[in-house]
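An overview of the molecular structure
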Amino acid sequence: MLTIDAGTEVTIDTISHEGVLEDQGRNPAVFFGGHGVDRADVLDDAVVLAASDFSRNPRVDGPHVVTGPIHVRGVRPGDLLKMTLVEAVPRVPYGIISNRHGKGALPGEYPLGSDNVSIFATVDAADGSEREPAGTLVGTLPLLPGGQRVVRFPLHPFLGIMGVAVAGEQRAHSVPPGAHGGNIDINLLTVGSSLYLPVQVPGALAYVGDPHFAQGDGEVALTAMEASLRVTVRFDVIAAADAIANFGALAGPLAETAEFLVPTGLDEHLDEAMRECVRAAIALLGARYGMEPTLAYAYLSAATDFNISQVVDLVTGVHARIRVADFEGAGLARDRTEASS
């Protein structure tokens, strides 16, 4: 366990689970070598981990390689832990997109055969164009197996898993997200963005994992472009009283980017996850800006996109993108109201 003070930045070499899992041979050098990757481009720490005597029960622990816990001094239940992604650097020039175990948005239809499917994607540096400025990293795929890699898509690295320990005796499984965060798979959480999580145990006992190079909303095949990242995360603490004043009583994760406030909804059923997200958004607008619920509901309907974070992690996720710029005048109006009361 690592113990830090609030405000500390921690650099972590994350390891993707792809190539480490038992059904892939638990030998990353062989697995990625089968896709033409030189041994020098296979991470030594992934090879060591796979060759070690670690064991896990997928039904209890989940498939992901998780790093933690990180104990933040002084943080208590009721506080919020703010985790900000300061830097995310690819550790390898490739990744894997998997459709496996009959899971994904179309179980029973995909995979097309009886075997698991793990698609190898490469990373390329753009030469320079309006769409791909020079040096931009892109993922590549072919149109047909073994074909030329003509499909190119931008990389937006982020951590699929950012979480805190749950109260009680039972350890959280790595797949379903919850109030503790965990495997929330919100692709807006790129460099510069933050995730706020309600603390459940003293010290928060934070953890990270499931590094992604790119992911579409929905993550429909089962995984994103999974690949290892070197990340730097800053851990800040919002005291309970300040948390209530700024965000209200958060029932679950809240993300923040330079452009958006991003409340979330999580439930086994997508319709209920959507409803939970709308409720969270109304409550957030009331707590932060003093917006009356009926007006907040109307604003959300007219001006806010609700995105499906993912539909493949047992608990589905929806997140809203509330534009901060829309409320530039709200703080002044609220200040005048409070001053006159």
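The sections below set out a description of the structure shown in this document.

Quick notes on the rules
- Residues take numbers from 1 onward in each chain, read along the sequence in its written order.
- Given that this is a predicted model, residues contribute local features only at a pLDDT of at least 70 and side-chain atom pairs are listed and counted only at 80 or more, while totals for whole chains, interfaces and linings are drawn from all residues.
- Values reported for side chains reflect all heavy atoms of the structure, with hydrogen atoms and water molecules removed beforehand.
- Should a side-chain nitrogen of Lys or Arg be within 4 Å of a carboxyl oxygen of Asp or Glu, the pair is scored as a salt bridge.
- Numbering of helices and strands runs from the N terminus; a helix is a DSSP stretch of H or I covering at least four residues, while a strand is a stretch of E covering at least two.
- Residue exposure (1.4 Å probe, protein chains only): buried if accessible area is under 20% of the type maximum, exposed if over 50%, otherwise partly exposed.
- A 1.4 Å probe that fits but cannot get out identifies a cavity on a 1 Å grid over protein atoms alone, an open set with protein on both sides within 12 Å along at least five of seven lines counts as a pocket, and a residue lines either if it has an atom within 4 Å of a point.
- Grid points are joined across faces, edges and corners, and a volume is the space filled by probe spheres set on the points.
- Each residue is assigned to one class: nonpolar for Ala, Val, Leu, Ile, Met, Phe, Trp, Tyr, Cys and Pro, charged for Asp, Glu, Lys and Arg, and polar for all the others, Gly among them.

This part takes up the pattern of salt bridges. Taken as a whole and judged by the stated rule, the model has 18 salt bridges. The shortest N-O distance in the salt bridge between Asp 5 and Arg 73 comes to 2.9 Å. Taken together, the residues span a long stretch of sequence, with Asp 5 in the loop between β1 (2–4) and β2 (8–13) and Arg 73 in the loop between β3 (66–72) and β4 (80–90) at a distance of 68 residues. When its relative accessible area of 44% is taken as the criterion, Arg 73 is described as partly exposed. Across the pair Arg 171 and Asp 61 runs a salt bridge whose closest N-O atoms are separated by 2.4 Å. Here Arg 171 is found in the loop between β9 (158–163) and β10 (181–183), whereas its partner Asp 61 is found in the loop between α2 (44–51) and β3, with 110 residues between them in sequence.

Here we come to the layout of surface pockets. The space that makes up the largest pocket amounts to roughly 650 Å³. The wall of the largest pocket is formed by 29 residues, among which Asp 61, Val 66, Arg 171, Ala 172 and Tyr 207 lie closest to the centre. Those elements that place two or more of their residues in the lining of the largest pocket are β3 and β10. With four residues, β3 is the single largest residue contributor to the lining of the largest pocket. The residue inventory of the lining of the largest pocket, partitioned by class, reads 14 nonpolar, 12 polar and three charged.

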